[in-house]
Amino acid sequence: MPLPADPLPAVPCSTAARERQDPMLGTAPPQRRFLLVEADGGWGFGGFPELPLPEDVKDEVVARADAVGARVMLVRRPGRHSSTVCSLRAWCVVDTTAPAGGRVTWGTWAYPAELLGALDRLEELASGGGNGSPASSQARDEPLVLVCTHGKKDPCCAVRGRPVAQALARRWPEETWECSHTGGDRFAANVLLLPDGATYGGLDVETALAAVEAHRRGEPGTAYLRGAVGWPRPVQAAVVAVHDQLGPLPWGSVRPAGTAPAVAGAGEVAATTVTLGLEDGRRVAVDVTEHRRPEARLTCRTAGASRSQVPVPGQVRVLD
């Protein structure tokens, strides 16, 4: 996939978003499952589909992953930029929907066809399985810290993401990886925590270290929290609102239970009432309205301006 021909903006999209104070709520990736493929070297604009691998293998990987609602992302260790993709590499399958906080399964690949074993595991998890796994894989429910550094997709991700990835890798060397596009380029640096599914944005080195530390301590902060993967915008916003207004609460202790349309007011695009259950047995509700932001250039490589739709949560109401 060739790079867009449009020139880069004079003001980087992440700088402009900070100046506009663009809201980040509800912008976590929409997928609940992930296939991470280790690939050192520079990544093309399109990520995985541009790896120098057989087209039929890449097509099968993308199609089977999409069929189970999984996002295919490239990963590499911070600072490693070898162009070799034929030696032994890791793959990782993550299912954030699995019981007890999600599942993480690792395997290795040296030849393209070996990536199909990762898809077998992904499909097994998606079907509710979990006891068996390919002989070449290993289930390890360890946390992952992914930092988007996909500069060919958007230069802001590389400029802001790489220093954050290096700092996090010094603190958590085994868990930290650079990753390809997570979405929300203008919110760089972006950090995705798996299998929790929490997505943080607008970070620098200091705030990234603090955010990940607090999250792992069971006290996730909300100042840089974009949302939880796999949920619609209103639900993500409601989850963050509960953590903000009733917290600190451990991640995973706020569980979406249902949604119902509400009457939208003047200037609102939509309105939703989100019901959630807490670990202590309480049920709460949050009314979330959605608004359209003024037109703006939302990524460095996007031509022209567009309008984003953002959710705005109201006060958390305790139902029982």
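The structure this text deals with has already been given above.
Residues numbered from 1 in each chain as written. Predicted model: local features only at pLDDT ≥ 70, side-chain atom pairs only at ≥ 80, totals over all residues. Heavy atoms only, no water.

Undergrad: Mind laying out the overall build of the protein, listing which residues take part and the relevant values?
TA: Within the protein, the secondary structure is distributed over six helices and 15 strands. Computed over its C-alpha atoms, the radius of gyration of the protein comes to 19 Å, within 12% of the 20 Å expected for a compact globule of 320 residues. On the principal axes, the C-alpha backbone points of the protein span a range of 55 × 50 × 35 Å. Taken across its 320 residues, the protein has 50% of its residues classed as buried. By sequence separation, contacts in the protein at least 24 residues apart represent 68% of the contacts at least 6 residues apart. Within the structure as shown, the protein displays about 13800 Å² of accessible surface, and the carbon and sulfur contribution to it stands at 53%. With 34 positive and 36 negative side-chain charges, the protein shows a spacing of 3 Å between the two charge centroids. (Helix = DSSP H or I, 4+ residues; strand = E, 2+ residues; numbered from the N terminus. Rg over C-alpha atoms; globule rule 2.2 N^0.38 Å. Buried < 20%, exposed > 50% of the residue type's maximum accessible area, 1.4 Å probe, protein only. Contact = heavy atoms within 4.5 Å. Areas by Shrake-Rupley, 256 points an atom, 1.4 Å probe, with all protein chains shown as cover. Lys, Arg positive; Asp, Glu negative; His and termini not counted. Charge placed at Lys NZ, Arg CZ, Asp CG, Glu CD.)

Undergrad: Which residues make up the side chain of D95, and what values go with them?
TA: Relative to the helices and strands, D95 is located in strand β3 (residues 89-95). A polar contact of 3.4 Å, which involves the side chain of D95, links it to the side chain of R33. Side-chain polar atoms of D95 contact the side chain of T97, separated by 2.6 Å. Among residues more than four places away in sequence, those in contact with D95 are R32, R33, G102, R103, L125 and A126. (Polar contact = N/O pair within 3.5 Å; in protein donor to acceptor, adjacent residues only side chain to side chain.)

Undergrad: Could you give an account of helix α5 (residues 205-216), with specific residues and numbers?
TA: With 12 residues, α5 ought to run about 16 Å at 1.5 Å a step, and its terminal C-alpha atoms sit 17 Å apart, in line with that. Tucked inside the fold, the buried residues of α5 contact β6 (144-148), α4 (155-171), β8 (191-194) and β9 (198-200). Between a side-chain oxygen at the N-terminus of α5 and the backbone nitrogen of E206 the separation is 3.2 Å; the capping residue is D204. Phi for G218, located one or two positions after α5, is positive at around 90 degrees. (Expected span 1.5 Å × (residues − 1).)

Undergrad: Can you explain helix α6 (residues 233-246)? Please cite residues and give values.
TA: The terminal C-alpha atoms of α6, which comprises 14 residues, lie 20 Å apart, in line with the 20 Å expected from a rise of 1.5 Å per residue. Restricting attention to buried positions, one finds in α6 the residues P234, V235, Q236, A237, A238, V239, V240, A241, V242 and H243. If you follow the buried residues of α6, they end up packed against β10 (225-228), β11 (254-261), β12 (270-278), β13 (283-292) and β14 (309-313).

Undergrad: So, the side chain of H243: which residues are in play, and what are the values?
TA: In this structure, H243 sits in helix α6. Taking relative accessible area as the criterion, H243 reaches 4% and is therefore assigned buried. Within the local environment of H243, its side chain forms a polar contact with the backbone oxygen of L249, the two atoms lying 3.3 Å apart. When sequence neighbours within four positions are dropped, the list of residues in contact with H243 reads P220, T222, L249, P250, W251 and V254.

Undergrad: Residues and numbers for the pairing of strand β1 (residues 33-38), please.
TA: Most of β1 is tucked away, with six of its six residues classed as buried. Burial along β1 is two-sided: R33, L35 and V37 and F34, L36 and E38, pointing in opposite directions, are all buried. Summarising the sheet, β1 and strand β2 (residues 70-76) pair through six bridges and their orientation is parallel. Counted as the bridge partner of L36 is M73 from β2. The parallel pair β1 and β2, bridged by helix α2 (residues 55-67), forms a crossover whose chirality is right-handed. With five bridges joining them, β1 and β3 adopt antiparallel strand pairing. Across the sheet, F34 pairs through a bridge with V94, a residue of β3. (Pairing = 2+ DSSP bridges. Right-handed = clockwise from strand over helix to strand, strands pointing away.)

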